[in-house]
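Single-letter residue listing:
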Amino acid sequence: MTIYRDSQGKALTDYPHPSVAVDTAVLAVIDGVLSVLAFADGRDGTVRLPGTFLHEGEVLADAVRRSLADKAGIEGLSPVQLLVFDALDRDDRGWVLSVAHVVAVPATAVAEATMVPVTSVGSMAFDHAEILALAVARLRDDYREHPDPWRLLGDAPFTLLKLERLHRAIDPERSESKDTFRRLMEPQLRDMRKLERGTVGKPARLFVRAAPVTTEQANR
């Protein structure tokens with residue numbers, strides 16, 4: 001095999017290589033509050049996101065899935081890449097780049113995991129507070145104009161009130177009125193021509209999404 005050499009005659013192996021890690025913000029709305037999967041760092045007790053180092057012959061997505069399965073018992077998720085964190089002093093163990101990811105899931109998917117309200121996490125290990133802030137901002141962008149793009153309500157029909165409560169849990173600072181929210185979301189929904197059952201008062205109409213919206217589309 002021909003060894004590649006650059007203009008200075010150096011091979012790739014002549015250069016120092018950083019370790020590569022993945023860290024993932026797993027978000028869910030728990031009891032009406034936006035929360036994140038977090039656990040105590042075994043070294044100093046600070047809170048951290050689930051993560052791991054990339055193994056040889058492994059792609060980033062597989063490393064993320066492995067870390068979530070090993071550290072939180074969660075499988076079958078498809079996290080989205082956010083940003084590479086590469087500050088030279090971000091990890092006191094050495095030169096480590098972290099590829100940050102985010103995924104939002106229904107509360108039922110993390111029923112056995114340790115979820116912490118994003119506003120109550122406190123001090124975090126490494127630069128995980130920055131990763132979490134970026135992940136929350138991304139999620140709020142996704143939910144600004146589209147109805148539940150991460151499908152946190154699942155596939156069952158829902159009322160406009162339930163949809164609005166979800167969106168306001170994700171971003172409590174949403175300022176539009178109920179009527180404005182309805183006018184924004186209702187054209188993107190399909191009326192099931194059915195009413196919610198088992199409720200007190202006037203039954204509300206049930207809706208589903210008119211068409212799937214990917215998180216990539218939602219963030220354009």
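In this text the structure is predicted, and so the values were computed from the model without any measurement. (Residues numbered from 1 in each chain as written. Predicted model: local features only at pLDDT ≥ 70, side-chain atom pairs only at ≥ 80, totals over all residues. Heavy atoms only, no water.)

Caption draft 1: Region of interest: the overall build of the protein chain. Each helix and strand counted, the protein chain has five helices and ten strands in total. When the backbone C-alpha atoms are referred to their principal axes, the protein chain occupies close to 75 × 40 × 30 Å. Evaluated residue by residue, the protein chain yields a buried proportion of 41% over its 220 residues. By sequence separation, contacts in the protein chain at least 24 residues apart represent 60% of the contacts at least 6 residues apart. As presented, the protein chain carries roughly 12,800 Å² of accessible surface, and 52% of it is formed by carbon and sulfur atoms. Placing the 28 positive and 32 negative side-chain charges of the protein chain at their respective mean positions leaves the two points 9 Å apart. (Helix = DSSP H or I, 4+ residues; strand = E, 2+ residues; numbered from the N terminus. Buried < 20%, exposed > 50% of the residue type's maximum accessible area, 1.4 Å probe, protein only. Contact = heavy atoms within 4.5 Å. Areas by Shrake-Rupley, 256 points an atom, 1.4 Å probe, with all protein chains shown as cover. Lys, Arg positive; Asp, Glu negative; His and termini not counted. Charge placed at Lys NZ, Arg CZ, Asp CG, Glu CD.)

Caption draft 2: Summary view of unusual backbone geometry. Here Asp-148, not a glycine, exhibits a phi torsion of approximately 45°, which is positive. Take Asp-148: its relative accessible area is 0%, and that puts it in the buried class. Of note in the backbone geometry, Arg-151 takes a positive phi value of approximately 60° without being a glycine. By secondary structure assignment, the location of Arg-151 is in the loop between helix H2 (128-142) and helix H3 (160-170).

Caption draft 3: The environment of Pro-117, seen in detail. Turning to its location among the elements, Pro-117 is positioned in strand E8 (residues 115-117). According to the relative accessible area criterion, Pro-117 is partly exposed, its value standing at 31%. Among all residues touching Pro-117, those that are not within four sequence positions of it are Val-33, Leu-34 and Ser-35.

Caption draft 4: Summary view of the pairing of strand E10 (residues 205-209). For E10, the buried fraction is high: four of the five residues fall into the buried class. As judged from the four bridges shared by strand E9 (residues 189-195) and E10, these two strands associate in the antiparallel manner. Its bridge partner lying in E10, Asp-191 is registered against Phe-207. (Pairing = 2+ DSSP bridges.)

Caption draft 5: Region of the structure containing helix H1 (residues 60-72). For H1, which comprises 13 residues, the first-to-last C-alpha distance of 18 Å matches the rise-based estimate of 18 Å (1.5 Å per residue) to within 8%. The complete set of buried residues in H1 reads Ala-63, Val-64, Arg-66, Ser-67 and Leu-68. With its phi angle positive at about 65°, Gly-73 sits one or two positions after the end of H1. (Expected span 1.5 Å × (residues − 1).)

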